Amino acid sequence: STEEPTLESVKTAVVTATATATTAPLPTSTPLPPPEGQIIFLWDSESMAEQYGALGPFQNLYVALPGESISDWQIEPLLENLVGWPKLVPSPDKTIFALNPLDDRNADGDISQEGYNRGLDWPNIHVYSLLNNSLERVTSDYPQSLITTLNDNQIIANYFDQGLVVLNNNGTLARQLAPPFAERTEWIQPSPDRQQLAINYETRQLHLLDTNSGEIKQATQDIGGMIVKAVWSPDSQWVAVAQQATGEFFLIDAITAEVQDVPNLGVTHYPTWSPYPAWSPDSQQVAVVQETPEGFNLLSYHLVDKVITVLLNTPAQVKDIIWSPDSSRIAISLWQDEGVTLGMVNTTTSQLDTLWFVPNSRRFSIHSWSPEGQWLIATVGEMPLFANKNEAFSGLYLVHKDTGETFQLLDTTGHYDPYAFTWLPAIKTP
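Below or above, wherever it landed, is the structure these notes cover. Per chain, residues are indexed from 1 in the order of the written sequence. For a predicted model such as this one, the threshold for reporting local features is a pLDDT of at least 70, and the threshold for listing and counting side-chain atom pairs is 80 or more; totals across whole chains, interfaces and linings nevertheless cover every residue. Hydrogens and waters are ignored; side-chain quantities use all the structure's heavy atoms.

Whether two strands pair depends on DSSP finding at least two bridges between them. Helix and strand assignments come from DSSP, with helices taken as H or I runs of at least 4 residues and strands as E runs of at least 2, each series counted from the N terminus. Overall, antiparallel pairing links the 4 strands, which are arranged β15-β16-β17-β18 in an open sheet. On the outer flanks of this sheet lie β15 (185–190) and β18 (216–218), each paired with one strand and no other. Neighbour-to-neighbour, the strand axes of the sheet open up by a mean angle of 20°, direction not taken into account. Sheet topology note: the β15/strand β16 (residues 196–201) ladder contains 5 bridges and is antiparallel. Note that in β16 the partner of Q189 across the bridge is A198. To define axes, lines are fitted to C-alpha atoms, for helices over the stretch in contact only, and angles between the resulting N-to-C directions are given on a 0 to 180 degree scale.

Considering the arrangement of structural elements, one finds Q290 in strand β25 (residues 285–292). The exposure class assigned to Q290 is buried, which follows from its relative accessible area of 16%. Separated by 23 residues in the primary sequence, Q290 and N313 have C-alpha atoms spaced 9.1 Å apart. Whether a residue is buried, partly exposed or exposed follows from its accessible area with a 1.4 Å probe, protein chains only, as a fraction of its type maximum: under 20%, in between, or over 50%, in that order.

Our next topic: the pairing of strand β34 (residues 394–400). Burial within β34 is extensive, with 7 of its 7 residues counted as buried. Of the two faces of β34, the one carrying S394, L396, L398 and H400 and the one carrying G395, Y397 and V399 are both buried. Looking at chain direction, strand β33 (residues 375–381) and β34 are connected through 7 bridges and run antiparallel. Following the sheet pairing, T379 is matched in β34 by L396. Bridge analysis of β34 against strand β35 (residues 406–411) gives 5 bridges, and the strand direction is antiparallel. Of the residues in β35, the one forming a bridge with V399 is T406. In this structure, the hairpin formed by β34 and β35 is closed by a connection of 5 residues, where G404 is found at a positive phi of approximately 75°.

To continue, consider the packing of aromatic side chains. Within a pair of aromatic rings, the relevant descriptors are the distance that separates the centres and the angle that separates the planes. Centres within 6.5 Å are what make two rings of Phe, Tyr or Trp a pair, Trp counting through its six-membered ring; a difference in plane orientation under 30 degrees is then read as stacked, over 60 as edge-to-face, and the rest as tilted. One pass over the full model with this rule turns up 10 aromatic pairs. What links up through ring pairs into an aromatic cluster is the set F41, W43, Y62 and F421. Here, a charge over a ring is recorded when the distance from Lys NZ or Arg CZ to the ring centre is within 6 Å and its angle to the ring normal is within 35 degrees. Over the ring of W335 we find K319; its NZ or CZ atom is 4.0 Å from the centre of that ring.

In this description, a nonpolar core means a group of buried Ala, Val, Leu, Ile, Met, Phe, Trp, Tyr and Cys residues linked to one another through side-chain atoms lying within 4.5 Å. Within the largest apolar cluster, 18 residues are counted, with the highest numbers of intra-cluster contacts made by I39, F41, W73, I377, L396, L398 and L409. When contributions to this core are tallied by element, the ones reaching two or more residues are β2 (38–44), β3 (58–66), β4 (73–83), β33, β34, β35 and β36 (419–424).

Take a side-chain nitrogen of Lys or Arg and a carboxyl oxygen of Asp or Glu: if they are within 4 Å of each other, that pair is a salt bridge. The tally for this structure, following the rule as stated, stands at 5 salt bridges. R329 is paired through a salt bridge with D402; the nearest N and O atoms lie 2.9 Å apart. In this pair, R329 is assigned in strand β29 (residues 329–336) and D402 in the loop between β34 and β35, connecting sequence segments 73 residues apart. Overall, D402 belongs to the partly exposed group, its relative accessible area being 35%. K401 is the partner of D402 in a salt bridge, and the nearest nitrogen-oxygen pair spans 2.8 Å. The structure contains a network of salt bridges with shared partners spanning R329, K401 and D402.

Printed below as a string of structure tokens:
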């Protein structure tokens, strides 16, 4: 089991991040202010070489705290040695995080990712509170998956033999939400307001489940199945569904489960690790990538006007679509043989600005915008080969939306990339 950290242990384990400014294309005359808020993320605590053939991977939960300048940051570990690749789900008010690291299911004294692959060890759900810096185990019966938290900080878990259940923070059963699924599910996606779950069955059936009443509505067309992405609109009124195998794109009305007619977009393209389609924060537009004989188009579909706008056509492959908080810009990554470009597309004028070019990059992900909309957080690196995986460069960076100035928060060389980023307004202490 995971040892609960104390406030004293957190204070004594503070690490000052190496935050050196890299060459910027448009340097500013005055220092740029740091982003608002703080960043929560998971990152492995031991290098790839140390983890290979051992019990890992081991994740630490970190918070990145900005100082008075953009180059002044501290990285504090909040939890340490979480085994596996746990999911991290914040409560709506971002004071509580549900996570599911591996536990010692076979009681052999070790917790192993390799054991998990063989069905020996398995995750349990834990709850970490920022209010009192406590970690509590919620389940001890190894649910199949952690789905989401609810507005009252209850937790939805999925069990092989019990189906969907709602748990209190102390692990007691609050209510049964749905019986075990008769068919295999590909994924279950909660709406932003936690009022519904989109459930995708392997047999091209997509259902919407009400998390209060348990009512289930089936989409009015047979959509879904394998290799399908679905993204809820921020206002929880729509589900955008893209089917990679057929290149089809659909919109589902979350109230009626009716599949809406969308103009033919041709072949839409999205890599499995990117959240395509991508909604604007105001829920008025949804962006997709269209593959063409010449390359790729970045398209925006406006829900009210039902108009498709070509924002960009490029020979480069587009692998990230991240809308700015005010919906005025879209940050994208453009992949070509010589490297990756971080670009910024103006959604009104369709102008593309190049912020940052990273030559020879084979690992590049734009994760999110800062709350005030001035900075982007991205992981960058080379693709590690087995022979020299401890030497392949990688890092966690902040990139300014206007100047392209970049600042390294962490040198992650020899490690897996950080993940599960959440922006917090402040860390609350007792």
